[in-house]
Amino acid sequence: MTGIVTEIVGGSAADFHARPLPTDPHPHIWWFTPKHSALVLGSTQNLSIVNSAECHKRGIEIVTRRSGGGAVLLSSETTVWIDVVLPATHELSVSDIGQAPLWLGELFQRVLINLGLADLTLHETAMEKSDWSTLICFAGRGPGEVFTNDGRKVVGISQRRTREWVRFQIVVSLAWRPEILLALLNVPKPNLEDIFLCGSDISLDAHLVGQTLFDALKEKLTIKGQ
C-alpha cells in the first residue's frame, strides 16, 4: 500500500502557504485552520488591489498563494480549507488541468450531499470567467468546483503544478461574507450586488465538514494506493 501522509494544522495562513512541497514520494492531505482570518491572493495578483489599512484594522493577514485564481477570504468560522498534494506519478494526478480536479469535486460533492446538502452540481467543463472572477475567486467557475442549483459556489479549487507534484487547494464556503471581502479591496471592485450570490451559506459545522472530508480523502487515496 502506498503511504499517505495526513496532517491537521493550525496557525498562520502565510506560513501554511509557504510550506515547501514534500520530499517523500507519498500523497499528502493537509487540513488547515487559520488562527487569524486571511485575505489570500492568487499567484498573479498584485498587492495594490488590497486595502492594507483596512486589513490591518480588522486583524486580517494578507497572503499570496502559489496557485492561481482570485482573492479568497478565509477564516475558521466561514471556510474549510484542505490541500491535497499528489506526486505527478500518482494514479489520480493527470496532466490535463481541466480534468485533474474532477475527482476532488466529485468527492466533495458526494460528502456534502451525504451531510444534508441537496441539489449540488459539479462544474465539469472549462473555466468560465465573469466580470469579476479575475479579482475574486468565487465569482468564476472552474472544473471540479461545486455549486448550488442557484449558482452559488460551495467548493472552490485552485492548483499549483511542478514537474514532480500537483498541489490542490480546496476551500468550502460555509458562510459567504462579500461585504467584508469588498472592504478589504481597493477600487476598481464590484458593487455588493454584483457578488452577493457568488459564495454559499450552508448550515453545517466547520469541524464536522472538515473531518468528514478529511476522512473521505484518506479513504479515497488509500483505495487508489492499494
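Residues numbered from 1 in each chain as written. Predicted model: local features only at pLDDT ≥ 70, side-chain atom pairs only at ≥ 80, totals over all residues. Heavy atoms only, no water.

(A) Seen up close, the overall build of the protein. Looking only at helices and strands, one finds 6 helices and 10 strands in the protein. If one aligns the C-alpha atoms of the protein with their principal axes, the spans along those axes are about 50 × 35 × 30 Å. A total of 226 residues make up the protein; the buried ones form 52% of that total. When contacts within the protein are restricted to residue pairs at least 6 apart in sequence, those whose partners lie at least 24 apart make up 69%. As presented, the protein carries roughly 10500 Å² of accessible surface, and 51% of it is formed by carbon and sulfur atoms. Side chains of the protein carry 20 positive and 24 negative charges; the gap between the two charge centres is 5 Å. (Helix = DSSP H or I, 4+ residues; strand = E, 2+ residues; numbered from the N terminus. Buried < 20%, exposed > 50% of the residue type's maximum accessible area, 1.4 Å probe, protein only. Contact = heavy atoms within 4.5 Å. Areas by Shrake-Rupley, 256 points an atom, 1.4 Å probe, with all protein chains shown as cover. Lys, Arg positive; Asp, Glu negative; His and termini not counted. Charge placed at Lys NZ, Arg CZ, Asp CG, Glu CD.)

(B) Broad picture of the layout of surface pockets. One number sums up the size of the largest pocket: a volume of about 560 Å³. Considering the residues around the largest pocket, the lining is formed by 26 residues, among which G68, G69, M127, G142 and I157 are closest to the centre. The residue makeup of the lining of the largest pocket, split by class, is 7 nonpolar, 13 polar and 6 charged. Quantified by volume, the second largest pocket comes out at close to 210 Å³. (1 Å grid on protein atoms, 1.4 Å probe; cavity = no way out; pocket = protein on both sides within 12 Å on 5 of 7 lines; lining within 4 Å. Points joined across faces, edges and corners; volume = space filled by probe spheres on them. Nonpolar A, V, L, I, M, F, W, Y, C, P; charged D, E, K, R; others polar.)

(C) Structural detail: the sheet that holds strand β3 (residues 38-41). The sheet built from 3 strands is open, its strands ordered β4-β3-β5 with mixed pairing. Since the sheet does not close on itself, it has two edges, and those belong to β4 (61-64) and β5 (72-74), each with one partner. Taking the axes of each pair of neighbouring strands and ignoring which way they run, one obtains an average angle of 25° across the sheet. Pairing of β3 with β5, which is carried by 3 bridges, proceeds in the antiparallel orientation. In the strand pairing of β5, V40 is matched with V72. (Pairing = 2+ DSSP bridges. Axes fitted to C-alpha atoms, helices over the stretch in contact; angles between N-to-C directions.)

(D) Structural detail: the sheet that holds strand β6 (residues 79-87). Read across the open sheet, the 7 strands follow the order β1-β2-β6-β10-β9-β8-β7; overall the sheet is mixed. Strands with a single pairing partner mark the edges of an open sheet, and in this sheet they are β1 (5-11) and β7 (120-122). Neighbour-to-neighbour, the strand axes of the sheet open up by a mean angle of 20°, direction not taken into account. Of the pairings in the sheet, the one linking β7 to strand β8 (residues 146-148) comprises 3 bridges and is antiparallel in character. Considered in β8, the bridge of L120 is made with T148. Contacts from helix α3 (residues 102-114) reach β6, β7, β8, β9 (153-161) and β10 (165-173) within the one sheet, and its direction differs from that of β7 by about 175°.

(E) Layout of empty space enclosed by the protein. Taken as a whole and judged by the stated rule, the model has 1 cavity of 30 Å³ or more. In this model, the largest cavity occupies a volume close to 130 Å³. In terms of lining, the largest cavity is formed by 13 residues, of which the most central are R65, V72, S158, Q169 and V171. Mapped by element, the contributors of at least two residues to the lining of the largest cavity are β5, β9 and β10. At 3 residues, β9 tops the list of elements feeding residues into the lining of the largest cavity.

(F) Quick peek at the pattern of salt bridges. Applying the stated rule across the entire model yields 9 salt bridges. For E54, the salt bridge is made with R58, and the minimal N-O distance between the two is 2.7 Å. One end of the pair, E54, and the other, R58, are both in helix α2 (residues 52-58), 4 residues apart, so they sit about a helical turn from each other. Taking the relative accessible area as the measure of exposure, E54 reaches 15% and is therefore buried. Of the residues examined, R58 reaches a relative accessible area of 40% and is grouped as partly exposed. Between D201 and R152 there is a salt bridge, and its shortest N-O distance comes to 3.4 Å. Taken together, the positions of D201 in the loop between α5 (192-195) and α6 (206-225) and R152 in the loop between β8 and β9 put the pair 49 residues apart, joining distant regions of the chain. Taking the relative accessible area as the measure of exposure, R152 reaches 16% and is therefore buried. Within the structure, one salt-bridge network assembled from shared partners comprises D150, R152, R177 and D201. (Salt bridge = Lys/Arg side-chain N within 4 Å of Asp/Glu carboxyl O.)

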